[in-house]
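Summary of the model geometry
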Amino acid sequence: MTVEAPTVPDRTRASATTGPRRNRWPRLTRIGLSVLSVLLGVLIWDLVSRNYTAFFLPSPRLTLDGAVELVRDGTLWDSVSASSTRILTGWLLGVLVGVPMGLLMGCIPWLRLMLDPYIQFFRFVPPIAFVTLAIIWLGPGEASKVALIFYTTVFIVALNTLAGVLSVNEIRMRAARALGAGPVRSLVSVVLPSTVPHVVTGARLAMGNSFLTIVSAEIVAAQSGLGSLIWTARNYAKTEWVFVGIIALGLLGYLFDWILRLVTGRTLRRYGVNF
């Protein structure tokens with residue numbers, strides 16, 4: 001007589017099939033909570049500002065008036081446009097150079113060993129340390145700012161791309177070679193798809209660091225840009241303009257990151273990119 005074992009639900013398989021539990025709150029609810037959080041933050045800001053002078057901590061209303069003033073005379077739009085152009089140009093160049101660099105370092109061991117000392121050295125030197133040299137070598141124009149953004153971006157993207165290449169499953173590489181795939185074919189069909197999420201992460205991290213760099217560069221040598229606006233506001237004791245510049249930087253960074261997540265999430269979803 002055969003005794004059948006009791007059936008036990010396969011929790012592991014169910015978990016692997018359904019994947020991690022995600023937040024399923026309605027979109028309007030999530031937007032409403034975000035708006036409520038911002039309103040609470042502005043309210044706290046307003047209450048705290050009542051205990052200090054406008055020079056020390058301007059109120060939200062005074063900051064809004066400063067923003068309207070800067071918009072009307074065109075200063076804010078010119079500053080946003082100048083900073084955006086510098087950030088996007090330097091960041092894009094850094095991504096275009098950093099991705100191939102990371103791929104080559106991951107696929108060619110001797111090249112990785114040769115470039116590793118330079119990358120490990122320069123990635124710990126902040127871009128602000130090169131501001132003076134950038135101005136001396138490239139002049140006070142746009143080239144120096146773009147070069148600093150490029151410097152900020154290229155190492156972050158290259159290291160994340162390298163990490164993606166080194167994390168490729170060796171079994172997949174052996175399977176590709178067993179099926180007759182050469183180095184180029186393996187790179188295109190196995191390495192690149194596995195590396196895409198790391199590249200996107202590196203690009204997002206580099207975008208955030210680009211905003212840190214552009215402010216420093218524009219404060220030192222620029223007649224336009226959000227960094228220049230903040231420094232000018234300091235010289236005129238217009239603290240509300242400083243707040244306008246800071247808020248503009250945050251909103252601009254949020255917008256750029258949102259666009260990047262939207263585009264990569266829709267075009268690269270099949271490679272595991274999902275924001």
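Residues numbered from 1 in each chain as written. Predicted model: local features only at pLDDT ≥ 70, side-chain atom pairs only at ≥ 80, totals over all residues. Heavy atoms only, no water.

Per an unreviewed UniProt entry, the chain carries the name ABC transporter permease and comes from Micromonospora reichwaldensis. One UniProt comment on the chain, placed under Subcellular location (unreviewed entry), says "Cell membrane". The annotation that UniProt attaches to the chain under Sequence similarities (unreviewed entry) is "Belongs to the binding-protein-dependent transport system permease family." (UniProt positions renumbered as here; feature names shortened; annotations may be inferred.)

As for its placement among the helices and strands, Ser-84 is situated in helix H4 (residues 75-107). A residue is classified by how much of its surface remains accessible, and Ser-84, at 11% relative accessible area, is buried. For Ser-84 and Gly-253, which are 169 residues apart along the polypeptide, the C-alpha to C-alpha distance reads 9.4 Å. Excluding anything up to four places from it in sequence, Ser-84 contacts Leu-252 and Phe-256. (Helix = DSSP H or I, 4+ residues; strand = E, 2+ residues; numbered from the N terminus. Buried < 20%, exposed > 50% of the residue type's maximum accessible area, 1.4 Å probe, protein only. Contact = heavy atoms within 4.5 Å.)

This part takes up unusual backbone geometry. Positive phi, normally seen in glycine, also occurs at Ala-237, with a value near 55°. Assignment of secondary structure puts Ala-237 in the loop between helix H10 (226-235) and helix H11 (239-267).

Time to look at the nonpolar core. Judged by nonpolar contacts, the single largest core of 33 residues is most densely connected at Leu-76, Trp-91, Phe-211 and Leu-226. Setting aside chain neighbours within four positions, we find Trp-91 in contact with Ile-149, Thr-153, Ala-203, Ala-206, Met-207, Ser-210 and Leu-260. Counting residues in hydrophobic clusters, the runner-up holds 6 residues, among them Met-105, Ile-119, Tyr-151 and Phe-155. (Core = buried A, V, L, I, M, F, W, Y, C linked by side-chain atoms within 4.5 Å.)

Attention shifts here to the packing of aromatic side chains. Inspection of the entire model under this criterion finds 8 aromatic pairs. The rings of Phe-121, Phe-122, Phe-130, Tyr-151 and Phe-155 are connected pair by pair, giving a single aromatic cluster. Over the ring of Trp-231 we find Arg-234; its NZ or CZ atom is 4.5 Å from the centre of that ring. (Phe/Tyr/Trp six-rings, centres within 6.5 Å; stacked < 30°, edge-to-face > 60°. Lys NZ or Arg CZ within 6 Å of the ring centre and 35° of its normal.)

Further remarks concern the packing of helix H6 (residues 131-138) against helix H7 (residues 142-166). For any two helices packed against each other, one specifies the inter-axial angle together with the distance between the axes. Orientation of H6 relative to H7, taken along the N-to-C sense of each, is 135°, at an axis distance of 8 Å. One way to sum up the angle between H6 and H7 is to call them oblique. Viewed along their axes, H6 and H7 form a crossing whose handedness is right-handed. Two secondary-structure elements touch here, H6 through Val-131, Ala-134, Ile-135 and Leu-138 and H7 through Ala-143, Ser-144, Ala-147 and Leu-148. Looking at side-chain class alone, the contact of H6 with H7 contains 7 nonpolar, 1 polar and no charged residues. (Axes fitted to C-alpha atoms, helices over the stretch in contact; angles between N-to-C directions. Parallel < 35°, antiparallel > 145°, perpendicular 65-115°, else oblique. Left-handed = near helix turned anticlockwise from the far one by under 90°. Nonpolar A, V, L, I, M, F, W, Y, C, P; charged D, E, K, R; others polar.)

Within the structure shown, the criterion is met by 7 salt bridges. Its salt-bridge partner being Asp-65, residue Arg-61 comes within 3.5 Å of it at the nearest N-O pair. Residue Arg-61 and its partner Asp-65 are located together in helix H3 (residues 60-72), separated by 4 residues, close to a single helical turn. The class for Arg-61 is exposed, based on a relative accessible area of 60%. Among the ionic pairs, Glu-218 bridges to Arg-86, the shortest N-O distance being 2.7 Å. In this pair, Glu-218 sits in helix H9 (residues 183-220) while Arg-86 sits in helix H4, placing the two residues 132 residues apart along the sequence. (Salt bridge = Lys/Arg side-chain N within 4 Å of Asp/Glu carboxyl O.)

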